[in-house]
Amino acid sequence: MRIVIAEDNALLREGMVLLLTINGHEVVATCAAGPEVLPALRTHRPDAAVLDVRLPPTFRDEGLRAAVQARSELPELPILVLSQYVEQAYAAELLAQGARGIGYLLKDRVGRVEQFLEALERIADGGTALDPEVVTEIVSRKAAARPLRSLTPREHEVLEMMAQGLANAAIAERLVVTERAVSKHIRGVFDKLGLPPEGGSVHRRVLAVLAYLDAAAPASPAR
Amino acid sequence: MQDFADRLERSWNAAQYLYFGLPLAWLCLLASFLVPIGLVFVLFVIGAPAWPEIVLVLRRLAGYERTRAGTRLGTPVPELYLPLDGAPADRIRLALTDPGTWRDARWLPVLTCSVIGFTVLSVPLWGAGLVVDGARMGLGGALDRRRAEHSGVPAAPRTSLVLRHLDTLADTQARWSARLLRPSASARLAERVAELSDTRAGAVEAHSAELRRIERDLHDGVQAQLVALSMRIGLARQQVRADPDAALARLDEAQEGVEGALAELRQVVRTVHPPVLTDRGLAGAVRALAASSAIPVEMGLSAVESGHRLPASVEAAAYFAVAEALTNIRKHSRATRASVRFTRTNGLLRVTVTDDGAGGADEYGGSGLLGIRRRVAALDGTTGLTSPPGGPTELRVELPCGS
């Protein structure tokens, strides 16, 4: 894959280039500041972009803003946003224009090289990768709502992994079960939550699950 | 007729104000003698302990008049005394040195004279007023109205000539008392300095407690984890040739350790200054808080949305107050909805967090709210909590924000 990286910390930037190159990807450009990001994306049209949220000059959320702008300007471009901390509100902004080819992960996750590369490839293929911490937060605030309480612990895990954007095969691998077992759990989750049976793609599933979690709040307040 | 009836009622209120002052005037007359007697006591050391008691009597009398005059004038008369605490000798010294004592002493004769004098004056005013204003407003007003009915042109209302001076008497008496009993500018300044020293001491204390907490969190948490990590990597190096599987296991442990340390570091950073506050300002950060709340949170953020950013310390204090309130609501209130409102008036940022929960929250119960109170007080702000059993609970924080 041809990849553009935006990261202001030189050590991390070099590390990331090394990690990606070793694993057979090509880093076509690196940016160290917010204003460089969009021009680099326009020029290189990479297969994926990896953006840090905090970048010079203001060290606020220019990486995130660049990502949101890039999504409306270059809708086909897969973007992975990395950050030292995750905010659910930021995830919502990134997902506002759909869940296709978007990722939002803690920087920590880079350390798990295989999973990180898998997430990057998933995004490049039009999939979604949401950080488990964001998903856990979203799920936990609805955890007391009735339909969620009726899920088995396994189904709960499956729900979180669906929300993270994992495909059935990946879920099966992480839970060390067969794909058929995963499908069964997913059917269970969809039945209990009253969602229409899934037929769409994995990134649509992410949105369906997140929409459900978001909509569950006013109807069944936490007690 | 209506004009005259109103006039009579107002004059009667004013007169009542004067007449109810009469018992106070006699007490003040007595007290005027007590002050020199008390001073003589102080001179002959033996009777000195009576002095603070005399001063307390003065304060009671002055306090009563403050309320009375304040009600009449519609603006409260501020009270400011040194508390008479401590050993008997201290109490005597404080009672002697408090400028409030001499303020009260000076006021005593003025009150006696003004109330009695004005009461005497009010008697002929009543007589003359009833005759003159009665004829002018009562009879004349009735004639005016009859004429108006014929001509169709409404008559101008007739004003009082004499009775209104009863109001003037009462107001003058109240104003004299208010002026004499109001603490001087320098006394108020002294009080403000004392208050600032208090809140500054609180701020310094809160700040150093905060630094100690951060130090502990970093030292015992993150740093210890990094040491353990270095150890595991060292072990992995040792084992890598002889037992690659064991080395791999050490590296796995090391990676888990790094992730734990990072998570903890993130937590510490959040408690120092939440990154989202830096990124998005107060409105954005509060929106993020509301987004992660389990119950719907209604928000009024327009006051902090537009215009320039508030000072960072004010933003942080307001943010932590809202965060703490929402946490308490989630933990204790059994509320189904909450609301967060910001208003800004005259350089004051007011934050109000309410819920429809069970109420009965204890202001001093949790350490969280105490931390907020200190943080707010350090910025010269105030924190108030009302939470009757059965609800609703309301937390109010006011912070000076300089614009």
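It should be noted that the structure appears before, not after, this text.
Since the model is a prediction, treat every value here as computed from it, not as a measurement.

Enquirer: Help me understand the overall build of chain B, please; the structure alone is not making it clear to me.
Expert: Along chain B, the regular secondary structure elements total eleven helices and five strands. Looking at chain B as a whole, 28% of its 403 residues are labelled buried. Considering only intrachain contacts with a sequence separation of at least 6, the fraction spanning at least 24 residues in chain B is 72%.

Enquirer: How should I be thinking about helix H4 (residues 99-151) of chain B in this particular structure?
Expert: Because an α-helix packs 3.6 residues into every turn, residues spaced three or four apart end up facing the same way. Taking 1.5 Å of rise per residue, 53 residues should cover 78 Å, yet H4(B) covers just 65 Å from first to last C-alpha, more than 12% shy of that figure. Maximum bend of H4(B): about 40°, positioned at B:Gly134.

Enquirer: Would you mind going over unusual backbone geometry with me for this structure?
Expert: A cis amide bond links A:Pro56 to the next residue, A:Pro57, at an omega of 5°. Relative to the assigned elements, A:Pro57 resides in the loop between strand E3 (48-52) and helix H3 (62-73). Residues other than glycine seldom take positive phi values, yet A:Phe59 does so here, at roughly 55°. Inspection of the secondary structure puts A:Phe59 in the loop between E3 and H3. The backbone of B:Asp380 shows a phi angle near 70°, a positive value even though the residue is not glycine. Note that B:Asp380 resides in the loop between helix H11 (367-378) and strand E4 (382-386). A residue is classified by how many C-beta atoms lie within 10 Å of it, and B:Asp380, with 14 of them, is partly exposed.

Enquirer: Got a minute to help me understand the sheet that holds strand E1 (residues 297-300) of chain B in this structure?
Expert: Paired through their backbone hydrogen bonds, the strands of a sheet run either parallel or antiparallel. All names here are of chain B. As summarised here, the arrangement of the five strands in space is E1-E2-E3-E5-E4, forming an open sheet in which the pairing is mixed. On the outer flanks of this sheet lie E1 and E4, each paired with one strand and no other. Sheet twist, expressed as the average angle between the axes of neighbouring strands with direction ignored, equals 10°. Relative to strand E5 (residues 393-400), E4 is paired through five bridges, and the arrangement is antiparallel. Pairing of Thr-382 across the sheet is with Glu-398, part of E5. Helix-sheet contacts for helix H8 (residues 275-291) involve E1 and strand E2 (338-345), and the interaxial angle to E1 is about 170°. Relative to the sheet, helix H10 (residues 312-333) contacts E2, strand E3 (348-355) and E5, its axis offset from that of E3 by approximately 10°.

Enquirer: Looking at this model, I keep getting lost on the interface of chain A and chain B. Mind explaining?
Expert: Across the contact, 17 residues belong to chain A and 19 residues belong to chain B. The set of elements that each furnish at least two residues to the side of chain A that touches chain B consists of helix H4 (88-95), helix H6 (132-141) and helix H11 (202-219) of chain A. Of the residues belonging to the side of chain A that touches chain B, the class tally is seven nonpolar, three polar and seven charged.

Enquirer: Whenever I open this one, the sheet that holds strand E6 (residues 128-130) of chain A confuses me. Can you help?
Expert: All names here are of chain A. The strand order E2-E1-E3-E4-E5-E6 describes an open sheet built from six strands, whose pairing is parallel. In this open sheet, the two edge strands, each paired with only one partner strand, are strand E2 (26-31) and E6. Taking each pair of neighbouring strands and ignoring which way they run, the sheet shows an average axis angle of 20°. Two strands pair when backbone bridges link them, and strand E1 (residues 2-6) and E2 are joined in this way by five bridges, in the parallel orientation. Bridge pairing in E2 links Arg-2 to Glu-26. Across the sheet, helix H2 (residues 34-44) lies against E1, E2 and E3, angled at about 150° from E2, the strand it touches most.

Enquirer: Even after reading the chapter, I still don't get the environment of B:Gly360, so can you show me in this structure?
Expert: All names here are of chain B. Structurally, Gly-360 is set in the loop between E3 and H11. For the pair Gly-360 and Ser-333, spaced 27 residues apart in sequence, the C-alpha to C-alpha distance is 8.6 Å. Residues contacting Gly-360, with those up to four places away along its chain left out, are Ser-387 and Pro-389.

Enquirer: Would you take a moment to explain the nonpolar core for this structure?
Expert: Nonpolar side chains in soluble globular proteins tend to be buried together. Residues and elements named next belong to chain A. Residues Val-50, Leu-51, Leu-80, Val-81, Tyr-104, Met-162 and Ala-163 are the most contacted members of the largest nonpolar core, which totals 61 residues. Looking at which domains feed residues into this core, each of domain 1 (2-129) and domain 2 (135-219) gives three or more. Among all residues touching Val-50, those that are not within four sequence positions of it are Ile-3, Ile-5, Met-16, Leu-80 and Leu-82.

Enquirer: How do you make sense of the packing of helix H6 (residues 185-239) of chain B against helix H7 (residues 244-272) of chain B when you look at a structure like this?
Expert: Pairs of packed helices are described in terms of their axes, by the angle between the two and the distance that separates them. All names here are of chain B. The geometry of H6 relative to H7 is characterised by a closest axis approach of 8 Å and an angle of 165° between their N-to-C directions. On the basis of their axis angle, the class for H6 and H7 is roughly antiparallel. In the crossing of H6 with H7, the sense of the turn from one axis to the other is left-handed.

Enquirer: Explain helix H10 (residues 179-193) of chain A to me, please; I cannot follow it from the model alone.
Expert: Residue and element names in this part refer to chain A. Here H10 is 15 residues long and its end C-alpha atoms lie 21 Å apart, about the 21 Å a rise of 1.5 Å per residue gives. Of the residues making up H10, those classed as buried are Val-182, His-185, Ile-186, Val-189 and Phe-190. The arc enclosing the buried residues of H10, seen along the axis, measures out at 135°, which places them on a common side. In this structure, H10 carries Arg-180 and Asp-191 as exposed residues pointing more than 90 degrees from its buried face. On the buried face of H10, the contacting elements are helix H8 (153-164) and helix H9 (168-175). Positive phi appears at Gly-194, one or two residues downstream of H10, with a value of about 70°.

Enquirer: Can you help me understand the pairing of E3(A) in this one?
Expert: Successive residues of a regular strand alternate their side chains across the two faces of the sheet. Residue and element names in this part refer to chain A. Burial analysis of E3 places five of its five residues in the buried class, which makes it a mostly covered element. Along E3, one buried face is formed by Ala-48, Val-50 and Asp-52 and the opposite face, lined by Ala-49 and Leu-51, is buried too. Bridge count for E1 against E3 is four bridges, and the pairing is parallel. Directly across from Val-4, in E3, lies its bridge partner Ala-49. Note on the crossover from E3 through H3 to strand E4 (residues 79-83): the handedness is right-handed.

Enquirer: Sorry if this is basic, but what is going on with the environment of A:Glu76 here?
Expert: All names here are of chain A. Relative to the helices and strands, Glu-76 resides in the loop between H3 and E4. Note on Glu-76: 9 C-beta atoms within 10 Å, which makes it exposed. For the pair Glu-76 and Gly-101, spaced 25 residues apart in sequence, the C-alpha to C-alpha distance is 7.7 Å.

Conventions used here
Residues numbered from 1 in each chain as written. Chains lettered and ligands numbered in written order. Predicted model: local features only at pLDDT ≥ 70, side-chain atom pairs only at ≥ 80, totals over all residues. Helix = DSSP H or I, 4+ residues; strand = E, 2+ residues; numbered from the N terminus. Buried ≥ 20, exposed ≤ 12 C-beta atoms within 10 Å, placed from the backbone. Contact = placed C-beta atoms within 7 Å. Expected span 1.5 Å × (residues − 1). Bend = angle between axes of the 7 residues up to and from the residue. Pairing = 2+ DSSP bridges. Axes fitted to C-alpha atoms, helices over the stretch in contact; angles between N-to-C directions. Nonpolar A, V, L, I, M, F, W, Y, C, P; charged D, E, K, R; others polar. Core = buried A, V, L, I, M, F, W, Y, C linked by C-beta atoms within 7 Å. Domains from an automatic or database assignment. Parallel < 35°, antiparallel > 145°, perpendicular 65-115°, else oblique. Left-handed = near helix turned anticlockwise from the far one by under 90°. Arc of directions from axis to C-beta. Right-handed = clockwise from strand over helix to strand, strands pointing away.

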